[in-house]
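If you want the building blocks of each chain, they are given just below.
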Amino acid sequence: MAHAYTPGLKVTDNIVLRKERRLPILGEVRVGLGDTVRPDTVVAETELPGDPQTLNAANVLGLLPMEVPRHMLKKEGDKVTAGEVIGRASTLFGLIKRQLKAPCDGTIERISEVSGQVTLREPPVPLQITAYIHGTIVEVLPREGVVIETEGAFIQGIFGVGGETFGTIRFRAAGPDKPLTAADIDDSCKDGIVVGGSLMTGEAIAKAAKVGVRALVAGGIIDTDLVKYLGYDIGVAITGQEDVPTTLIVTEGFGPMRMADKTFELLKSLDGCEASVTGATQIRAGVMRPEIIVSGYRAKKKRKAEASSSGLVPGTPIRLIREPYFGLLGEVVELPPELVVIETEAKVRILKARLQSGEIVTVPRANVEILES
Amino acid sequence: MARAKHGPGKEISSILATDCGSTTTKAILIEKRDGVYRLIVRGEAPTTVEKPFEDVTAGARNAIREIEELTGRKLLGDDGVLTPQKGDTGVDIFLSTSSAGGGLQMMVAGVVKTMTAESAERAALGAGAIVMDAIAVNDGRKPHQKIERIRNLRPDMILLSGGVDGGTKKHVVEIAELIAAAEPKPRLGIGFKLPIIFAGNKDAVPHIEETLGEKMDLRVVPNLRPVLEKEVLGPAREEIHNLFMEHVMAQAPGYDKLMKWTPVPIMPTPAAVGSLVEAVGKENDITVIGVDIGGATTDVFSYFKETFNRTVSANLGMSYSICNVLLEAGLDRIKRWLPFKVDDADLRNRIRNKMIRPTTIPQTLEELLIEQAISREALAMAFEHHKTLATGLKGIHRGGTMDRFVDQAHVGAESLIDMKDLGLLIGSGGVLSHAPRRIQAALMLIDGFQPEAVTPLAVDSIFMMPQLGVLATVHPQASAQVFDRDCLIRLGTVVAPLGPAPSGREGPVEVVRVKVTLPDGQTLEESAAYGEMKRIPVPEGAKVRLRVEPSRGYDVGAGPGHRVEREVDGGVCGIILDCRGRPLVLPENDAERSAKLLEWFRALDVYPQEPLAGLVES
């Protein structure tokens, strides 16, 4: 492949972003083109059909399936309330009387003479989709949702758990290589997005959940701490639906990981800003990474032009993403075109990189990612 | 089909085929040269089904453009691939397979879990689907749990079966009512009705139509279990493919354009690989097992007793799902394949980091051994899963009504897989195809599948089985020629005697003697003791005479103590003697296990010796 490298994670103080907000089934859009929205603005809503309950009427009433319809007191489409008698039958010359009662409020959807089942549909459940970010509606998808545009700072993490939330950024990192401990989190962090350095320790995660921190951000996390927090092990890299009190976002990977300087400095400058975040991660084609969005943020000083993401060239800032240099940062020095035999004896395309320590190392191109701007 | 497009008498002499995978789109160019179809060149590019492109043809064009650059030949026009070939421009036919965007995802349902639900599962798997769940009357879940499950899944389609023709209708209608109550929604296309195929009791059709007809896009095909003793999967599979094209492909980004490029329906990638494995078995009259270990899933295909089976272990893979291998196998089972010590926490973090950065490759020998250890476990678990489904029909020896069968879920059936009778084991997927030494691929296959007696091994050189599978539907000869000459790399043959482990008191116990007669008449002889592995070099491309003489009590396919003599192909790994016994048991003591692994690695020359020794010492 011409571009045999991992696309980098976006870390920028200014970007125009568009977010699509869609309902899972058709419904109604509640905002209009050009409207300004906040993270908690409801942009679309619908009603999910209520849970169905199947009642084995034939068994309860002691009938053959085909006899069920004529012993029902309610017909298809009728509304019923919990405890209401909806079917009745008597056998043995009326000596044994049996009743079928509705277990919940709802509507009789189906009475089957083949299976003898009655389907009772519970009342519909309202579902709302919020804007998630500050922004402007730039497109309305009739009956489905909207597209929201915003401008501001944008940081992608590498992995996260927990869903969407928003809050004020509380920068608590002593340095990009310093772990975030329980002592760094206090009551002032409640409802906030707390940023640490190289690692969110297990104690820090527990304290954050206890205090009511909405999200934690750090360079790394220890695998076993994640398992302990979730109460189970994650097998497949699809997250975002976890029922956890605090959303977690790691920017570098598993284990203690020095946070990339650029990410660290940007998060530092965002201290006190309101951010929308999600831990949702899906690592397949069309990669979904966890993110931190600060709408309306304007960089105080102009940055010098940075390498574009068009490809690897000498000078491109990179992160090394596999052992033996996992987590180290550097820049491309040389891109030899020929295949090179590495320690495993595989013949691969490599590059030479200068690490921050000054050391020059050889790595497969597949094992680096560009530090995107 | 394809031939008609070029008019009568016009022979296909150039073929372009793409496989749009979940990560990469691979294109191959095949030409007829000197009367034989050969692979000319390949190209690849990232798949572009998802944002920001959302058009599968962008990735296909990029992959084809690589071929254009490498051959200096124009293949693409504004409307797609230029067909037919005119002079040095275009090709005679373009074909494609696809597993992009998650492939084909199905839910199946039946009355009895081990009977009609299992038949429905086999039909869906054979059509190339990932089966998200199999719902049955007797699956142990309560009705509300089934409904909740059906509601939460968003499959591409559902296959519903149940009841023999003329039998009880009650149970299959009951399942249909559960589905109707759940009102499942399709994964793609908001507002569309979810397709459901009914392949059950024909007498239940009016009731099924009444129950599901309005809510869903109902298709009715002949019963896949018309009588209990017979399984007819063809019509259901065909309808799945039709719906895949009509519904799934039509909804996926850019596929409307890609479908216009080709005169042949786009096949789901696993269905194409499966059809090729089946064709190899049929044409050569051999039993075959094929495995494709990918980043997210591991597919196993088998052809035994004239029956093709496919299973997909949807969450066993080497990148996206690598942590699930860790979860299901456990750390100790992975570590048992490593001759060196590794810290548990460090290993877990490394595996997680591979999951979140799936396209990275091992740079160090240590990392390579760890990945190959994980692959052994993934292969073994995927194969175990396969064996549970590749069986004869279950429950058929007992008469009675369908009501009685609902209670007979335990009635078993013999597995079709007979490892002593395996004619070819083919491996495919990055960890096997890209192993730095081919012997590493051979050993991963041997450890994962534990072939018995005498078994030829091969790997797919660059994973072009999908393209050759779809090509086989229009030009079997071209497909077979390229498969034989360019796709398959013959690794060699493994000889694994079966027999009891000696007590160990009597010292090394010889279990097999082997004599190889090369084409020039030269002979090579070797023997091996229980617990040993050895390798006899036999050149690739050579057909040799192999004589295997097991010791008394040991079986190499003809019964204990009986000699086996046959012609086998040479291969890059030659003939491998594996006398470690079956099932393969590794020593529990760490030091002994490490010593044994090192002994086998050395005997087969699996890894570079010095760096490996350094790893073990450090």
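All values derive from a computational prediction rather than experimental measurement. (Residues numbered from 1 in each chain as written. Chains lettered and ligands numbered in written order. Predicted model: local features only at pLDDT ≥ 70, side-chain atom pairs only at ≥ 80, totals over all residues.)

Here's the deal with the overall build of chain A
Within chain A one finds 4 helices and 26 strands. Across its three principal directions, the C-alpha atoms of chain A cover 95 × 50 × 45 Å. Buried positions account for 45% of the 373 residues belonging to chain A. Restricting to contacts in chain A with at least 6 residues of sequence separation, those with at least 24 account for 62%. (Helix = DSSP H or I, 4+ residues; strand = E, 2+ residues; numbered from the N terminus. Buried ≥ 20, exposed ≤ 12 C-beta atoms within 10 Å, placed from the backbone. Contact = placed C-beta atoms within 7 Å.)

So, the overall build of chain B
When its secondary structure is counted, chain B shows 20 helices and 24 strands. Whereas a compact globule of 618 residues would reach a radius of gyration of roughly 25 Å, chain B reaches 25 Å, a difference of no more than 12%. Projecting the C-alpha coordinates of chain B onto the three principal axes gives extents of approximately 75 × 65 × 50 Å. Residues classed as buried in chain B amount to 56% of the 618 residues present. A separation of at least 24 residues holds for 71% of the contacts in chain B among residues at least 6 apart in sequence. (Rg over C-alpha atoms; globule rule 2.2 N^0.38 Å.)

Observations regarding the interface of chain A and chain B
Taken together, the 49 residues of chain A in the interface contact 55 residues of chain B. For the side of chain A that touches chain B, the secondary-structure elements that each account for two or more residues are β5 (52-56), β9 (106-111), β10 (117-121), α3 (223-230), β18 (247-254) and β25 (360-364) of chain A. In terms of residues, the side of chain A that touches chain B owes the most to one element, β5 of chain A, which gives 3 residues. For the side of chain A that touches chain B, the residue count by class is 25 nonpolar, 14 polar and 10 charged. (Nonpolar A, V, L, I, M, F, W, Y, C, P; charged D, E, K, R; others polar.)

Re helix α2 (residues 202-211) of chain A
Residue and element names in this part refer to chain A. Within α2 the residues assigned to the buried category are A204, I205, K207 and A208. Down the axis of α2, the buried side of the element spans an arc of 165°, and every buried residue falls inside it. Elements that come into contact with the buried residues of α2 comprise β16 (192-195), β17 (215-221), α3 and β18. After α2 finishes, the residue G212 shows a positive phi value of roughly 100°. (Arc of directions from axis to C-beta.)

Brief notes about the domain arrangement of chain A
Segmentation of chain A into domains returns domain 1 (11-45 + 130-295), domain 2 (52-121) and domain 3 (317-370). One C-alpha centre belongs to domain 1 of chain A, the other to domain 3 of chain A, and the line joining them spans 30 Å. (Domains from an automatic or database assignment.)

Considerations on the confidence of the model for chain A
Residues and elements named next belong to chain A. Taken residue by residue, chain A gives an average pLDDT of 90. The fraction at 70 or more is 94%. Note that pLDDT drops below 50 for residues 1-5; the model gives that stretch 11 contacts with residues more than four away or on any other chain. Taken as a whole, residues 305-309 scores under 50 in pLDDT and shows 8 contacts with residues more than four places along the chain or in a different chain. (pLDDT = per-residue confidence, 0-100.)

Here we look at helix α6 (residues 205-212) of chain B
Among the residues of α6 of chain B, those classed as buried are H207, I208, T211 and L212 of chain B. On an axial view of α6 of chain B, the arc spanned by its buried residues comes to 110°, and they lie on one face.

Quick look at the pairing of strand β15 (residues 307-313) of chain B
Residues and elements named next belong to chain B. Judged by how many residues are buried, β15 sits mostly within the fold: 6 of 7 residues are covered. Strand direction decides the pairing type here: strand β14 (residues 298-304) and β15, joined by 7 bridges, are antiparallel. What sits directly across from T298, in β15, is S313. Between β14 and β15, which pair antiparallel in sequence order, lie 2 residues; one of them, K305, sits at a positive phi of approximately 50°. (Pairing = 2+ DSSP bridges.)

A word on the sheet that holds β15 of chain B
Strand-to-strand pairing in sheets goes through backbone hydrogen bonds, with the strands running parallel or antiparallel. All names here are of chain B. The sheet built from 8 strands is open, its strands ordered β15-β14-β13-β16-β17-β18-β24-β21 with mixed pairing. A strand with exactly one partner marks an edge of an open sheet, and here the two such strands are β15 and β21 (533-536). Looking at each pair of strands side by side, their axes are set apart by 20° on average, direction ignored. By the bridge criterion, 6 bridges tie strand β13 (residues 288-293) to β14 in an arrangement that is antiparallel. (Axes fitted to C-alpha atoms, helices over the stretch in contact; angles between N-to-C directions.)

Quick word on the sheet that holds strand β11 (residues 217-220) of chain B
Residues and elements named next belong to chain B. In space, the 5 strands of this open sheet follow the order β8-β7-β9-β10-β11, with parallel pairing throughout. Looking at strand neighbours, the two that pair on one side only are β8 (129-136) and β11, the edges of this open sheet. Looking at each pair of strands side by side, their axes are set apart by 20° on average, direction ignored. As defined by bridge partners, strand β10 (residues 195-198) adjoins β11 across 4 bridges and the pair is classed as parallel. Within β11, the position partnered with I197 by the bridge is R219. Taken strand by strand, helix α5 (residues 170-182) contacts β7 (104-110), β8 and β9 (157-160), and its axis lies near 165° from that of β9.

Remarks on the nonpolar core
By size, the foremost hydrophobic cluster in this structure holds 273 residues, and its most contacted members are A109, A124, L159 and I179 of chain B. In terms of residue count, the dominant contributor to this core is helix α13 (residues 365-389) of chain B (10 residues). With sequence-adjacent residues up to four places away left out, I179 of chain B is seen in contact with A109, I150, I158, L160, P184 and L212 of chain B. In terms of nonpolar packing, the next biggest core, distinct from the first, is built from 14 residues, L55, I86, I108 and L120 of chain A among them. (Core = buried A, V, L, I, M, F, W, Y, C linked by C-beta atoms within 7 Å.)

What to know about the domain arrangement of chain B
Residue and element names in this part refer to chain B. In terms of domain boundaries, chain B breaks down into domain 1 (2-100), domain 2 (103-261) and domain 3 (290-395 + 404-496 + 510-617). On a C-alpha basis, the centres of domain 1 and domain 3 stand 32 Å from each other. Residue-level contacts link 18 residues of domain 1 with 17 residues of domain 3. Counting residues per element, the ones that place at least two in the side of domain 1 that touches domain 3 are β1 (14-20), β2 (24-33), β3 (36-46) and β6 (93-98).

Overview of unusual backbone geometry
Put simply, E323 of chain A and P324 of chain A share a cis peptide bond, and its omega is 10°. With respect to the helices and strands, P324 of chain A occurs in the loop between β21 (317-320) and β22 (329-334). That bond from T83 of chain B to P84 of chain B is cis: its omega, -10°, falls within 30 degrees of zero. With respect to the helices and strands, the residue P84 of chain B is situated in the loop between β5 (80-81) and β6. Even without glycine at this site, E183 of chain B takes up a positive phi of about 45°. Within the element layout of this structure, E183 of chain B appears in the loop between α5 and β10.

Observations concerning the environment of T119 of chain A
Within the secondary structure, T119 of chain A sits in strand β10. Sequence-distant contacts of T119 of chain A, that is, excluding residues within four places in its chain, are made with P52, T54, E109 and R110 of chain A together with E177 and A181 of chain B.

Here's the deal with the packing of helix α9 (residues 269-284) of chain B against helix α17 (residues 465-474) of chain B
Residues and elements named next belong to chain B. Contact pair α9 / α17: the axes reach a minimum separation of 7 Å and the direction vectors enclose 70°. With respect to α17, the axis of α9 lies roughly perpendicular. Here T269, A272, V273, S275, L276 and A279 of α9 lie close against α17, whose contacting residues are M465, P466, L468, G469, V470, A472 and T473. When grouped by side-chain class, the residues that make up the contact of α9 with α17 number 9 nonpolar, 4 polar and no charged. (Parallel < 35°, antiparallel > 145°, perpendicular 65-115°, else oblique.)

Observations regarding the environment of L16 of chain B
Residues and elements named next belong to chain B. Among the structural elements, L16 can be located in strand β1. Residues L16 and E31, spaced 15 residues apart in sequence, show a C-alpha to C-alpha distance of 8.8 Å. Sequence-distant contacts of L16, defined by excluding residues within four places in its chain, comprise A27, L29, I64, L75, V81, V91 and F94.

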